[in-house]
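Here's the letter readout for the chains.
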Amino acid sequence: FGMTNFLKEINCDVPNFFSYAGAIANYDLTDRLGEIKAPIVLVNGTNDPFIPENEIDEIGDLISTVFSDYRLDGESHLFSISGFKRLKQIAEEEFE
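Residues numbered from 1 in each chain as written. Predicted model: local features only at pLDDT ≥ 70, side-chain atom pairs only at ≥ 80, totals over all residues. Heavy atoms only, no water.

A. Here's a closer look at the overall build of the chain. Of regular secondary structure, the chain possesses four helices and two strands. Reading the helices (α) and strands (β) of the chain from amino to carboxyl end gives α-α-β-α-β-α. In the chain, which comprises 96 residues, the proportion classed as buried is 20%. The long-range fraction of contacts in the chain, counting pairs at least 24 apart against all pairs at least 6 apart in sequence, stands at 64%. Accessible surface, the chain as shown: approximately 7,000 Å² in total, 56% of it carbon and sulfur. (Helix = DSSP H or I, 4+ residues; strand = E, 2+ residues; numbered from the N terminus. Buried < 20%, exposed > 50% of the residue type's maximum accessible area, 1.4 Å probe, protein only. Contact = heavy atoms within 4.5 Å. Areas by Shrake-Rupley, 256 points an atom, 1.4 Å probe, with all protein chains shown as cover.)

In structure tokens form, the structure reads like this:
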């Protein structure tokens, strides 16, 4: 599994990471998204198994401060190097 190898490479305590991730995954903050006041740029990979495109659209609809929304074609939850390059380009365009 690629995620486990990645976590080991960055010296992350893998069992604890998955425990925390599981706890967070089961904690629904949907009703609080409208409280976000900071400007938001939503970025999502089209192959993200954790947050499908239809759910990212629903999240965006709940946050009034979303001013841009991007889909990175072919990217998953963890972006590839080319995905990070595209993310950097997006950030430079949005925050000039």
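B. Fine view of the environment of E35. Along the chain, the position of E35 falls in the loop between α2 (14-25) and β1 (40-45). Along the chain, E35 and S64 lie 29 residues apart, while their C-alpha atoms are 8.7 Å from each other.

C. Fine view of the pairing of β1. Relative to strand β2 (residues 66-72), β1 runs parallel, the two being bridged by six bridges. Paired with I40 across the strands is V66, a residue of β2. Read as a crossover between parallel neighbours, the route from β1 over helix α3 (residues 53-62) to β2 is right-handed. (Pairing = 2+ DSSP bridges. Right-handed = clockwise from strand over helix to strand, strands pointing away.)

D. Region of the structure containing the environment of I36. The residue I36 is located in the loop between α2 and β1 in this model. Given the relative accessible area of 27%, I36 is considered partly exposed. Residues I36 and I63, spaced 27 residues apart in sequence, show a C-alpha to C-alpha distance of 6.6 Å.

Such coordinate-based values are descriptive only and should not be taken to indicate function.
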